[in-house]
Amino acid sequence: MAQLSKQQDRVMVTGDMTMTNTQSLLSEWTALSMDVPSTVDLAGVTDVDTSTISLMFEWLRQSRARDCQLHFLNLPHNLTSLATLYGVLDLIPTGPAVAGH
């Protein structure tokens, strides 16, 4: 089971980010994003599939709707490979977040 936890301006994701967990992760995100996080750390992610990319883009859309920038850290190798295969790796903002957002 995947889980989100908030640590300051960072959301830590642990577990499988797969289709089985997408809806619960989206619900957790909605609950956590009242204070819009600026960074999502994927170091604890154990498995991904194509729904992971869709979920990440939804989180980006929600953040941009609130005029906040969102960045992802520690993309698992299998996620990087999958995003490269689909030609969307360059659309996933990675690296340190801008202070204040």
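Being a predicted model, the structure only gives us computed values, none of them experimental. (Residues numbered from 1 in each chain as written. Predicted model: local features only at pLDDT ≥ 70, side-chain atom pairs only at ≥ 80, totals over all residues. Heavy atoms only, no water.)

Draft legend 1. Representation of the packing of helix H1 (residues 22-32) against helix H2 (residues 50-65) within the structure. Orientation of H1 relative to H2, taken along the N-to-C sense of each, is 20°, at an axis distance of 11 Å. Taken together, the axes of H1 and H2 are roughly parallel relative to one another. Where H1 crosses over H2, the handedness of that crossing is right-handed. Packed against H1, whose contacting residues are Thr22, Leu25, Leu26, Trp29 and Thr30, the element H2 presents Ser51, Leu55, Glu58, Trp59, Gln62 and Ser63 at the interface. Taken together, the residues of the contact of H1 with H2 sort by class into 5 nonpolar, 5 polar and 1 charged. (Axes fitted to C-alpha atoms, helices over the stretch in contact; angles between N-to-C directions. Helix = DSSP H or I, 4+ residues; strand = E, 2+ residues; numbered from the N terminus. Parallel < 35°, antiparallel > 145°, perpendicular 65-115°, else oblique. Left-handed = near helix turned anticlockwise from the far one by under 90°. Contact = heavy atoms within 4.5 Å. Nonpolar A, V, L, I, M, F, W, Y, C, P; charged D, E, K, R; others polar.)

Draft legend 2. Summary view of unusual backbone geometry. Even without being glycine, Asp67 reaches a positive phi, approximately 60°. With a relative accessible area of 64%, Asp67 lands in the exposed category. (Buried < 20%, exposed > 50% of the residue type's maximum accessible area, 1.4 Å probe, protein only.)

Draft legend 3. Region of the structure containing H2. Between its first and last C-alpha atoms H2 spans 23 Å; for 16 residues at 1.5 Å apiece the expected length is 22 Å, and the two agree. Of all the positions in H2, only Ser51, Thr52, Ile53, Leu55, Met56, Phe57, Trp59, Leu60 and Ser63 are classed as buried. Lining the buried residues of H2 we find strand E1 (3-7), strand E2 (10-17), H1, strand E3 (39-48), strand E4 (71-73) and helix H3 (77-85). Residue Asp67 follows H2 closely and has a positive phi angle near 60°. (Expected span 1.5 Å × (residues − 1).)

Draft legend 4. Fine view of the sheet that holds E4. Taken together, 4 strands build an open sheet; the order of strands is E1-E2-E3-E4 and the sheet is mixed. If you trace the sheet from one side to the other, it starts and ends with E1 and E4, each paired once. The average undirected angle you get between the axes of adjacent strands in this sheet is 25°. Pairing of E3 with E4 involves 3 bridges; the strand directions are parallel. Looking across to E4, one finds that Val40 is bridged to Phe72. (Pairing = 2+ DSSP bridges.)

Draft legend 5. Expanded view of the pairing of E1. Both E1 and E2 contribute to a ladder of 5 bridges, which runs antiparallel. Considered in E2, the bridge of Gln3 is made with Thr14. Between E1 and E2, which follow one another and run antiparallel, lie 2 residues, and Gln8 among them has a positive phi close to 60°.

Fair warning: the whole summary comes from geometry, so function is off the table for now.
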